[in-house]
Amino acid sequence: MRHTLEELLAGWITHQRWFAGKGRAIAELAIEAGTPLPLRGPAESLHSDVAGSSRTTDDTVRPPASDDVSVRHLVITVRQESQTDRYQLLVGFRPRLPQRLRHVAIGETEDGFAYDAVHDAEVTGILLSSIADGADLGGLRFRHMPGAEIDTSPRSLVLGGEQSNTSLVFGDAYICKMFRKLVPGVNPELEVVSALAERGSPNIARPYGWIEADVAGENTTLAFAQEFLPTASDGWALALTSVRDLYGSPQGTAAADVGGDFASESHRLGMATAHLHQQLATAFPTGTVEPPDIKRMAEGFRRRLEAAIEEVPELAGHAEAAHEAFDRLADVDRPITVQRVHGDYHLGQVMRTFSEWIVLDFEGEPGQPLSERRALDTPVRDVAGMLRSFDYAARHLLSDHPDAKSLEPRAAEWAGRNRAAFIEGYSAGGGHIRGDDAVLLRALELSKAAYEVIYEARNRPTWLPIPLAAFTLDDR
Ligand SMILES: Nc1ncnc2c1ncn2[C@@H]1O[C@H](COP(=O)(O)OP(=O)(O)O)[C@@H](O)[C@H]1O
Ligand SMILES: O=P(O)(O)O[C@H]1O[C@H](CO)[C@@H](O[C@H]2O[C@H](CO)[C@@H](O)[C@H](O)[C@H]2O)[C@H](O)[C@H]1O
């Protein structure tokens, strides 16, 4: 007996890295919206070119997909216990799957073999050409930035690696991120990067366009296309190279004397972060949080800690330091300045080009409600996020290292040196961590560590000791 597409998807989705509901049974999976995407013929036939669209390859006709391929854009709902989430899929159908697509098979349906079509460069070109055209396909609206020049000829590859979403890289020109878990509303990444691009920010990748649709009655961002930075290296990889260099150098060599010392980059990153915060403060409104609301903020941190302890009881034994930090925050009696911030700032969200640190992924913490991710917040939250990341970089290589015990002081030295350089760079760039900000910084770091405890327990249990260690480190 053949399974329905919904049944097949329910079996397949739990194995996808981006599926947020792992570990809980699926009670129901339903298709909320299905849009067939026309693959026949070049994109010219889809929608007449609109004024302002500037496709650079008008005479380039993308080789049409084979006759027997069809593709549907799906918005599905997944009900687990009392929670229902939405996800976005691109499902292809073929009478038989070529070898190159077998690893992304979903299963056999009455329309042929279904597969995850984001991996099929024969069909993904429709996304880029529709963005260039400003097309409307069913309920899907493809849009581009005013004046954007989009070359529709490159083929796509799915970016590898551990991602919360799926990014398609077209040649070495564009990266189009398809948000997998859909939250109704405009994605903060589109909102923030567009605003910063309008103001000429050098610290973002240039935005090209996006895809949107009405989901639950709200205009919702489905995908965002930006300039791909083919020669840039991500901050996490660069930092790990430096840590490896230190661990591989003779015992007694100071972090400062190792060839791969990262401190000058951490300093530059601190400066770039301060500049980014200044750009965000100009592009969006700012405000203040008064002492009674600071108390509420501290309460929120406590609740988050308790939720983390409930999920990871091991954390209870480490919680005292966090309670102390939250008590001190509750006593702050001067207002805190707030503005739009990054919200989930870490070394994996920054890339070093020849000339600049570029900041990516302004979505905030995945899993938090959109209203919270768009809310004004203290820029110190981003500083705290990056400081946590230096601890992660220093410690993660220790987990299965045979000399972990003896390397522990070197991990602490590397983290301390780079954390200090980042803060110095932040001040040199005009950012401020002074007075009560130190109390706020400590509370935010430990609140972030509580979030990370949950994140690691769910996604990478062997990494759990890294955020747990944050609670036993000295108040620095
Ligand atoms: N514009 C870009 N140019 C080059 N690589 C990029 C670009 N944007 C993202 N990446 C790569 O993709 C990774 C994941 O991107 P990110 O936006 O953080 O996705 P997610 O939201 O799925 O975590 C980054 O760490 C980086 O390596
Ligand atoms: O990049 P995302 O938006 O998907 O963020 C999530 O995943 C991150 C891991 O990929 C996670 O970051 C944590 O691990 C990083 C190392 O992999 C480390 O540098 C960060 O400091 C640490 O928080 C992030 O918390 C999560 O939201």
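Every value quoted in this text rests on a predicted model; they were computed, and no experiment measured them. (Residues numbered from 1 in each chain as written. Chains lettered and ligands numbered in written order. Predicted model: local features only at pLDDT ≥ 70, side-chain atom pairs only at ≥ 80, totals over all residues. Heavy atoms only, no water.)

**Q** Would you mind showing me how to read the site of ligand 2 here?
**A** Taken together, 14 residues sit near ligand 2, with Ser164, Ser389, Tyr451, Glu452 and Tyr455 positioned nearest. Within the contact set of ligand 2, an oxygen atom lies 3.2 Å away from a side-chain nitrogen or oxygen of Asp361. Here an oxygen atom of ligand 2 sits 2.6 Å away from a polar atom, N or O, in the side chain of Ser389. In terms of residues, the shell around ligand 2 owes the most to one element, helix 11 (residues 437-459), which gives three residues. (Near = heavy atom within 4 Å. Polar contact = N/O pair within 3.5 Å; in protein donor to acceptor, adjacent residues only side chain to side chain. Helix = DSSP H or I, 4+ residues; strand = E, 2+ residues; numbered from the N terminus.)

**Q** Explain empty space enclosed by the protein here, please?
**A** One simple way to see leftover space: roll a probe sized like a water molecule over the atoms. Within the structure shown, the criterion is met by two cavities of 30 Å³ or more. Counted as a void, the largest cavity has a volume near 40 Å³. The wall of the largest cavity is formed by Gly343, Asp344, Tyr345, Glu365, Arg381, Asp382, Gly385 and Lys448. Tallied by class, residues from the lining of the largest cavity come to one nonpolar, two polar and five charged. Roughly 30 Å³ of volume is contained in the second largest cavity. Those elements giving two or more residues to the lining of the second largest cavity turn out to be helix 9 (380-396) and helix 11. Looking at the lining of the second largest cavity element by element, the count peaks at three residues for helix 9. A breakdown of the residues in the lining of the second largest cavity according to their chemical character gives two nonpolar, one polar and two charged. (1 Å grid on protein atoms, 1.4 Å probe; cavity = no way out; pocket = protein on both sides within 12 Å on 5 of 7 lines; lining within 4 Å. Points joined across faces, edges and corners; volume = space filled by probe spheres on them. Nonpolar A, V, L, I, M, F, W, Y, C, P; charged D, E, K, R; others polar.)

**Q** Any chance you could explain unusual backbone geometry here in plain terms?
**A** For residues other than glycine, phi is negative in most cases, and the peptide bonds are mostly trans. A positive phi angle, near 45°, is found at Glu81, a position not held by glycine. The topology assignment puts Glu81 in the loop between strand 3 (70-80) and strand 4 (83-94). The phi torsion at Ala216 lies on the positive side, around 50°, for a residue other than glycine. Assignment of secondary structure puts Ala216 in the loop between strand 14 (207-215) and strand 15 (218-227).

**Q** Got a minute to help me understand the site of ligand 1 in this structure?
**A** Near ligand 1, the surroundings consist of 16 residues, among which Leu159, Gln163, Lys177, Glu227 and Leu229 are the closest. Between Lys177 and ligand 1, the recorded distance is 2.8 Å, taken from a side-chain N or O atom to an oxygen atom. One of the backbone N or O atoms of Leu229 is found 2.8 Å from a nitrogen atom in ligand 1. In isolation ligand 1 has 560 Å² of accessible area, and contact with the protein removes 86% of it. Formed jointly, the shell around ligand 1 draws a minimum of three residues from each of two domains, domain 1 (5-227) and domain 2 (233-469). (Areas by Shrake-Rupley, 256 points an atom, 1.4 Å probe, with all protein chains shown as cover. Domains from an automatic or database assignment.)

**Q** Help me understand the UniProt feature "domain: Maltokinase N-terminal cap" (unreviewed entry) in the protein chain in this model?
**A** Residues annotated in UniProt with the feature "domain: Maltokinase N-terminal cap" (unreviewed entry) correspond here to residues 12-38 and 63-120. From the first C-alpha to the last, residues 12-38 spans 25 Å; its make-up is 7% helix and 37% strand. (UniProt positions renumbered as here; feature names shortened; annotations may be inferred.)

**Q** How do you make sense of the pairing of strand 3 when you look at a structure like this?
**A** For a regular strand, side chains alternate in direction, first toward one face of the sheet and then toward the other. Burial analysis of strand 3 places eight of its 11 residues in the buried class, which makes it a mostly covered element. Taken together, the nine bridges between strand 1 (residues 28-37) and strand 3 define a ladder with antiparallel strand orientation. Bridge pairing in strand 3 places Pro36 opposite Arg72. As paired elements, strand 3 and strand 4 share 11 bridges and run antiparallel to each other. Pairing of Leu74 across the sheet is with Leu89, part of strand 4. Between strand 3 and strand 4, which pair antiparallel in sequence order, lie two residues; one of them, Glu81, sits at a positive phi of approximately 45°. (Buried < 20%, exposed > 50% of the residue type's maximum accessible area, 1.4 Å probe, protein only. Pairing = 2+ DSSP bridges.)

**Q** Hey, could you run me through the nonpolar core in this one?
**A** Inside soluble globular proteins, nonpolar side chains tend to come together where they are buried. Within the largest apolar cluster, 116 residues are counted, with the highest numbers of intra-cluster contacts made by Leu127, Leu329, Trp414 and Phe471. Here this core gets 10 residues from one element, more than from any other, and that element is helix 11. Mapped onto the domain boundaries, this core takes at least three residues apiece from domain 1 (5-227) and domain 2 (233-469). Dropping the residues within four chain positions of it, Phe471 is found in contact with Leu305, Leu315, His318, Ala321, Ala322, Leu446, Ala449, Ala450 and Val453. The next biggest cluster of nonpolar side chains, apart from the first, holds 17 residues, and it includes Leu5, Leu9, Tyr87 and Leu89. (Core = buried A, V, L, I, M, F, W, Y, C linked by side-chain atoms within 4.5 Å. Contact = heavy atoms within 4.5 Å.)

**Q** Looking at this structure, how should I read helix 2 (residues 121-133)?
**A** Quick reminder: α-helices carry 3.6 residues per turn. Residues three or four places apart thus point the same way. The end-to-end C-alpha separation of helix 2 is 19 Å, in line with the 18 Å expected for 13 residues at 1.5 Å each. By the criterion of burial, helix 2 is predominantly enclosed, with 12 of the 13 residues buried. For helix 2, the set of buried residues is Ala121, Val123, Thr124, Gly125, Ile126, Leu127, Leu128, Ser129, Ser130, Ile131, Ala132 and Asp133. Looking one or two residues beyond helix 2, the residue adopting positive phi is Gly134, at roughly 65°. (Expected span 1.5 Å × (residues − 1).)

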